[in-house]
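# Fold and contact review
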Amino acid sequence: MTFILVCFKEATLPQSQTPTTLHVVVGSKNPVKVNAAKNAISMLYPEHEITCEGMHAPSGVAEQPMTSEETRIGAINRVNYCQANAKADFYVAMEGGVDKFEYGPATFAYIVIANHQRKSIGRGAIMPIPESVYQALASGEELGPLMDKLFNTNNVKQKGGAIGLLTNGNATREGNYTHAMVLAMAPFLHPELYPVKN
């Protein structure tokens, strides 16, 4: 009887097969926004390790943006600040705002994503808000603290947000941001279909 001894060398991945790290900088330290960015990038780049950090980035607009345009500008300003002050593979900003449309007042968020080649702007789903809430916002209140007062919660803007409260927890601010960010990533996933305009 012959015995053959086989030795296995501990497997190590060749350098080309080790996961590449993607670093993402988010223009806010709000954990809802940082988590949404990390979730979206992790979903789209599952073969990469994702590091995601929030940084204070001024929006240059009111604490409570009251129009679509002001909200969009706030998100763009945050991304521009991040690009000027940090090194990353992706720069992300999410700016929540409200506006009064022909069908009534609503809240939504703009998402801006950039890298060193391009910038993409998207918007999350809109949710109708009560007229009384809109009037309080128009008088100078901010949506998060206002919702805390109405629902007897604490710091809801860093949790489920107004979306969570008004949908009885069936949707969340983070989920809305994650979904909107995945959609706004389309130009990065298929750059050949989205030529960069100079």
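Parameters at a glance
- Residues numbered from 1 in each chain as written.
- Predicted model: local features only at pLDDT ≥ 70, side-chain atom pairs only at ≥ 80, totals over all residues.
- Heavy atoms only, no water.
- Core = buried A, V, L, I, M, F, W, Y, C linked by side-chain atoms within 4.5 Å.
- Buried < 20%, exposed > 50% of the residue type's maximum accessible area, 1.4 Å probe, protein only.
- Helix = DSSP H or I, 4+ residues; strand = E, 2+ residues; numbered from the N terminus.
- Contact = heavy atoms within 4.5 Å.
- Expected span 1.5 Å × (residues − 1).
- Polar contact = N/O pair within 3.5 Å; in protein donor to acceptor, adjacent residues only side chain to side chain.

On to the nonpolar core. Counting residues in hydrophobic clusters, the biggest one holds 24 residues, and the most contacted among them are V24, I41, F90, I113 and M181. Of all elements in the fold, only β1 (21-26), α1 (31-44), β2 (49-54), β3 (90-101), β4 (104-114) and α6 (173-184) reach the threshold of two or more residues within this core. Per-element accounting of this core gives the leading share, six residues, to α1. Residues in contact with M181, not counting those within four places in the same chain, are A36, A37, A40, I41, V92, M94, I111 and I113. Ranked by size, the runner-up nonpolar core spans 17 residues in total, among them A75, A93, F108 and Y110.

Moving on to α1. For α1, which comprises 14 residues, the first-to-last C-alpha distance of 20 Å matches the rise-based estimate of 20 Å (1.5 Å per residue) to within 8%. Where α1 is concerned, the buried positions are V32, K33, V34, A36, A37, A40 and I41. Where the residues of α1 are buried, they touch β1, β2, β3 and α6. Taking the backbone nitrogen of V32 as reference, a side-chain oxygen 2.9 Å away marks N30 as the first, capping residue of α1.

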